[in-house]
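Inside the fold
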Amino acid sequence: MNLESALSAVFSKRPNGCEGTPSTPEGKFLALVLCWITEEKGPELPDKKSLYASAHISSHLGARAYQELLRCQWIQARRFEPTVSREGRARRHIDVIRHVLVGSQDQIYGRGEQEQLKGLSVKNRLLLVSLLDRAEFSGKVGPISIGDLAQMTGLGANQIKVQLQKLKELGLVSGVVPGATGGAVFGKVKSYIYLNFLHMYWCDFFFDLSAVCLDASLWQRIMKDESESLYRLMGDSSLDELVRRPELGSYFRNAMLMLISDILSLHWHDLRLNNAVSILQMGRGVILKFLKAQVPASNVDILLTVVASIASQIQTLLCKNDKGLMTRIGLENWHFCVLPQFGVHPQSMVVLTNCPHFPNRLDVNWLRTCSHDFWIMSGLMTSPDDAPLKLRSRRPGVV
């Protein structure tokens, strides 16, 4: 048995209480921890006190989790014997998952002075693992719904929302672009969640990732272009719907930014040389995939022209201090991810990348010296004030 197979079994979307699999959050969490321990030391279980200490959970919660694994027969005669398929897809962030499950909880972070990140509960860590299991290089997870996460983790929908808010306040989740239902333009759409891989809790695993912060005024240009392009695409009815339902505007903007990220990553040279053919070919399929309504192909091309123009502006700003960068960057394949704007407070436009050539990029060594407010202002975190009152924590956030 390997951890890939165990993750597939633990996070399978089965009804709670399904025979043969753990269904409670604590049972799922302990099962994942045991996968690591028994993979290294064999199926014989250590004593319970040592086991709970390895998992960084209390004896009370550990006992409940242990009973859950006995119930589904994943523990038999003090041996860990999970019922899993031998097949499991490769996980991109498997080492980070191990760190969250059984790594040291005494990580030190800095904001000019040393302080510890405290308060990561079993529920926090289980949700983090479920998100890491589906995260891209930049930390983007989605499309995924609250219901999906509830089925994967055994947590209730309201618990998922509370845990996400806690992770946002801690800075481990940069922000969430919520899904929506019933829109004539997009239909039923799921959420996108952005993990903050530049956070000191796990930054050692993402040493090649950095952020470039561009001027916040770019958001005004994008929102103007967004309204015009959506009008050309769908007409007056789409704009009326976006006015009534701002969450649809956030979803559309995020879809545009994901397309811009793909253009920067896959068509850097074409963008620099103003080669529209390959960009249009790639973009048409993407646009039609997230639109529910039928639209003329010519209208799609108009939207793609607007998106390519925004991508070109971002490319120019990324290389404004060294024009030779445009050519050098195109010689290799680099990844780019433009983060959406999280909340209503003014924020920079953040471009995450693994390209090391930008002189003004921010890496974790620099960010660890910055204040909580700077992380929010830079666009890497969500302000706690942007959360609904019922979800806000009374404790101050920590980065």
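Look above for the structure.
Being a predicted model, the structure only gives us computed values, none of them experimental.

Reading the values: rules and limits
Residues numbered from 1 in each chain as written. Predicted model: local features only at pLDDT ≥ 70, side-chain atom pairs only at ≥ 80, totals over all residues. Heavy atoms only, no water. Axes fitted to C-alpha atoms, helices over the stretch in contact; angles between N-to-C directions. Helix = DSSP H or I, 4+ residues; strand = E, 2+ residues; numbered from the N terminus. Parallel < 35°, antiparallel > 145°, perpendicular 65-115°, else oblique. Contact = heavy atoms within 4.5 Å. Salt bridge = Lys/Arg side-chain N within 4 Å of Asp/Glu carboxyl O. Buried < 20%, exposed > 50% of the residue type's maximum accessible area, 1.4 Å probe, protein only. Pairing = 2+ DSSP bridges. Lys, Arg positive; Asp, Glu negative; His and termini not counted. Polar contact = N/O pair within 3.5 Å; in protein donor to acceptor, adjacent residues only side chain to side chain. Phe/Tyr/Trp six-rings, centres within 6.5 Å; stacked < 30°, edge-to-face > 60°. Lys NZ or Arg CZ within 6 Å of the ring centre and 35° of its normal. Nonpolar A, V, L, I, M, F, W, Y, C, P; charged D, E, K, R; others polar.

**Side note on the packing of helix H7 (residues 146–153) against helix H8 (residues 157–170)**
As a packed pair, H7 and H8 sit with axes 9 Å apart at the nearest point and diverge in direction by 100°. Judged by the angle between their axes, H7 and H8 are roughly perpendicular. Contact residues: Ile146, Leu149, Ala150 and Thr153 in H7; Ala157, Ile160, Lys161 and Leu164 in H8.

**Here's the deal with the pattern of salt bridges**
What the rule picks out here adds up to seven salt bridges. The partner of glutamate 44 in a salt bridge is arginine 79, and the shortest N-O contact between them spans 3.0 Å. In this pair, glutamate 44 sits in the loop between helix H2 (25–41) and helix H3 (48–55) while arginine 79 sits in strand E2 (residues 79–80), placing the two residues 35 residues apart along the sequence. Here glutamate 44 falls in the partly exposed class, since its relative accessible area comes to 49%. Each member of the salt-bridge network shares a partner with another, and the members are Glu44, Arg79 and Glu81.

**A few points about the pairing of strand E10 (residues 210–214)**
The side chains of a regular strand alternate, first on one face of the sheet and then on the other. Most of E10 is tucked away, with four of its five residues classed as buried. Pairing geometry for E10 and strand E12 (residues 349–353), over five bridges, is antiparallel. By the bridge assignment for E12, cysteine 213 is matched with valine 350.

**Structural notes on unusual backbone geometry**
Following glycine 142, the chain continues to proline 143 via a peptide bond in cis, the omega torsion being 5°. Relative to the assigned elements, proline 143 resides in strand E5 (residues 140–144). If you check the backbone angles, histidine 56 has positive phi at about 55° while not being a glycine. Checked against the element boundaries, histidine 56 lands in the loop between H3 and helix H4 (59–71). Take histidine 56: its relative accessible area is 34%, and that puts it in the partly exposed class. Look at glutamine 73: it is not a glycine, yet its phi comes out positive at around 65°. For glutamine 73, the position within the fold is in the loop between H4 and strand E1 (75–76).

**Looking at the side chain of aspartate 270**
Looking at the secondary structure, you find aspartate 270 in helix H12 (residues 268–272). We note that aspartate 270 is buried and unpaired, the nearest opposite charge coming from arginine 272 at a distance of 9.0 Å. Polar side-chain contacts of aspartate 270 include one of 3.0 Å to the side chain of histidine 267. Residues in contact with aspartate 270, not counting those within four places in the same chain, are Asn275, Ser278 and Ile279.

**Notes on the packing of aromatic side chains**
All told, the structure shown has seven aromatic pairs when counted by the stated rule. With 6.2 Å between their ring centres and 70° between their planes, tryptophan 74 and phenylalanine 80 make a pair best called edge-to-face. Owing to a relative accessible area of 0%, tryptophan 74 belongs among the buried residues under this scheme. With 6.2 Å between their ring centres and 70° between their planes, phenylalanine 336 and phenylalanine 358 make a pair best called edge-to-face. Taken as a pair, phenylalanine 336 in strand E11 (residues 336–338) and phenylalanine 358 in the loop between E12 and helix H16 (364–367) lie far apart in primary sequence, 22 residues in all. There is no split in this pair, since phenylalanine 336 and phenylalanine 358 are both buried. Feature note: the residues Phe197, Tyr201, Trp202 and Phe206 constitute an aromatic cluster, connected by ring pairs. Its end group placed over the ring of tyrosine 66, lysine 48 keeps NZ or CZ at 4.4 Å from the ring centre. Here the guanidinium or amino end of arginine 98 rests over the ring plane of tryptophan 36, the centre of that ring lying 5.6 Å away.

**Quick word on the sheet that holds strand E6 (residues 173–177)**
The antiparallel open sheet is built from three strands, whose spatial order is E5-E9-E6. With partners counted over all chains shown, the strands left at the sheet margins are E5 and E6, one partner each. Neighbour-to-neighbour, the strand axes of the sheet open up by a mean angle of 15°, direction not taken into account. In terms of strand pairing, E6 meets strand E9 (residues 191–195) through four bridges, oriented antiparallel.

**So, the sheet that holds E12**
Pairing is antiparallel in the open sheet, where three strands are placed in the order E10-E12-E11. Edge positions in the open sheet fall to E10 and E11, since each of these has one partner strand only. Across the sheet, the mean angle separating the axes of adjacent strands is 25° when strand polarity is ignored. Along the sheet, helix H14 (residues 297–318) contacts E10, E11 and E12; its crossing angle with E10, the most-contacted strand, is approximately 105°.

**Examining the environment of histidine 99**
Looking at where histidine 99 falls in the secondary structure, it is placed in helix H5 (residues 94–102). Accessibility expressed as a relative area gives 10% for histidine 99, which makes it buried. Note: C-alpha distance between histidine 99 and phenylalanine 205 (106 residues apart in sequence) is 9.5 Å. Within polar-contact distance, the side chain of histidine 99 engages the backbone oxygen of tyrosine 201 at 2.8 Å.

**Overview of the packing of H2 against H3**
Running from N to C, H2 and H3 point in directions that differ by 100°, and their axes come no closer than 10 Å. The angle between H2 and H3 places the two elements in the roughly perpendicular class. Taken together, the residues of H3 that come into contact with H2 (itself represented by Phe29, Leu30, Val33, Leu34 and Ile37) are Leu51, Ser54 and Ala55. Grouping the constituent residues of the contact of H2 with H3 by class yields seven nonpolar, one polar and no charged.

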